[in-house]
Amino acid sequence: MTLDLPLEALAAALPPRGRLIGLDLGTKTIGLALSDVERRLASPLDTIRRVKFSADAEALLKRAADFEAQALVFGLPLNMDGSEGPRAQATRAFMRNLRKLTPLPFAFWDERLSTAAVTRELIAQDASRAKRAEVVDRMAAAYILQGALDRLARLV
């Protein structure tokens, strides 16, 4: 199955156990997060420095294979009014191209304010600007994935 599914349909297509990978797709980096096999907890995993699509996709799919991910959850950067702007269109285009390379199903999750929430938390923890820059993308991916995991848990 290689469709972008509503989260509810993705839940029905997944085996009972297995990891999900959450992604925060930026213009310079891709933040990755990983769920546990019970899909209860999202943890920051890695940051992929963007180069070109083929290299980005290869790195992403290698991480998915390494952790035997069952699906991908992409943060969809909607505008505050819920409309889709250029960043959301770029995210959808990335997935259209990635769909040709993998049978993994995927879903989108509204990522509005995820980076802002993570940045506020890091500032509250007194993290330096350099430390925030180093971890914010993968922490935003974990924030996105945790939101999707919480929703999936309510569907069961």
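For the structure, check the block above.
Our subject in this report is the structure included herewith.

About the thresholds
- Residues numbered from 1 in each chain as written.
- Predicted model: local features only at pLDDT ≥ 70, side-chain atom pairs only at ≥ 80, totals over all residues.
- Heavy atoms only, no water.
- Core = buried A, V, L, I, M, F, W, Y, C linked by side-chain atoms within 4.5 Å.
- Buried < 20%, exposed > 50% of the residue type's maximum accessible area, 1.4 Å probe, protein only.
- Helix = DSSP H or I, 4+ residues; strand = E, 2+ residues; numbered from the N terminus.
- Contact = heavy atoms within 4.5 Å.
- Salt bridge = Lys/Arg side-chain N within 4 Å of Asp/Glu carboxyl O.
- Pairing = 2+ DSSP bridges.
- Phe/Tyr/Trp six-rings, centres within 6.5 Å; stacked < 30°, edge-to-face > 60°.
- Expected span 1.5 Å × (residues − 1).
- Arc of directions from axis to C-beta.

## Some details on the nonpolar core
At step 1: Counting 23 residues, the largest nonpolar core has Ile-21, Leu-23, Leu-60, Leu-72, Phe-74 and Leu-98 as its most contacted members.
At step 2: Counting residues per element, the ones that place at least two in this core are strand S2 (20–25), strand S3 (29–35), helix H2 (53–66), strand S5 (71–76), helix H3 (86–99) and strand S6 (106–110).
At step 3: Those residues in contact with Leu-98 that sit more than four places away from it in its chain are Phe-53, Ala-57, Leu-60, Leu-61, Leu-72 and Phe-74.
At step 4: With 15 residues, the next largest nonpolar core counts Leu-10, Ala-107, Ala-141 and Ala-148 among its residues.

## Re the pattern of salt bridges
At step 1: Following the criterion strictly, the structure yields seven salt bridges and no others.
At step 2: A salt bridge links Asp-46 to Arg-63, with the shortest nitrogen-to-oxygen separation between them at 3.5 Å. Within this pair, whereas Asp-46 is found in strand S4 (residues 42–49), its partner Arg-63 is found in helix H2, the two being separated by 17 residues in sequence.
At step 3: The exposure class of Asp-46 is partly exposed, given its relative accessible area of 25%.
At step 4: Between Asp-56 and Arg-50 there is a salt bridge, and its shortest N-O distance comes to 2.9 Å.
At step 5: Here Asp-56 falls in the buried class, since its relative accessible area comes to 2%.
At step 6: A residue is classified by how much of its surface remains accessible, and Arg-50, at 26% relative accessible area, is partly exposed.

## What to know about the environment of Met-139
At step 1: Its location among the elements puts Met-139 in helix H5 (residues 129–155).
At step 2: For the pair Met-139 and Leu-45, spaced 94 residues apart in sequence, the C-alpha separation works out to 8.2 Å.

## A word on the pairing of S6
At step 1: Where S5 meets S6, five bridges bridge the pair, whose relative direction is parallel. By the bridge assignment, Leu-76 is partnered in S6 with Asp-110.

## Some details on the packing of aromatic side chains
At step 1: Summed over the entire model, instances satisfying the criterion amount to five aromatic pairs.
At step 2: A centroid spacing of 5.1 Å and a plane angle of 70° characterise the contact between Phe-53 and Phe-94, whose relative ring orientation is edge-to-face. Of the two residues, Phe-53 sits in helix H2 while Phe-94 sits in helix H3, which places them 41 residues apart along the sequence.
At step 3: The buried category is assigned to Phe-94, whose relative accessible area is 4%.
At step 4: A connected cluster of aromatic rings, assembled from ring pairs, spans Phe-53, Phe-74, Phe-94, Phe-106 and Phe-108.

## Regarding unusual backbone geometry
At step 1: Even without glycine at this site, Arg-39 takes up a positive phi of about 60°.
At step 2: With respect to the helices and strands, the residue Arg-39 is situated in the loop between S3 and S4.
At step 3: The class of Arg-39 is buried, set by a relative accessible area of 13%.
At step 4: The phi torsion at Glu-68 lies on the positive side, around 50°, for a residue other than glycine.
At step 5: Mapped onto the elements of the fold, Glu-68 is located in the loop between H2 and S5.
At step 6: Given a relative accessible area of 61%, Glu-68 falls into the exposed group.

## Regarding H2
At step 1: For H2, which comprises 14 residues, the first-to-last C-alpha distance of 20 Å matches the rise-based estimate of 20 Å (1.5 Å per residue) to within 8%.
At step 2: If you check which residues of H2 are buried, you get Asp-56, Ala-57, Leu-60, Leu-61 and Ala-64. Burial along H2 is one-sided: seen end-on, the buried residues are contained in an arc of 120°. Relative to its buried face, H2 has exposed residues pointing more than 90 degrees away, namely Glu-58 and Ala-65.
At step 3: Packed against the buried residues of H2 are S2, S3, S4, S5 and H3.
At step 4: One or two steps after H2, the chain reaches Glu-68, where phi turns positive at roughly 50°.

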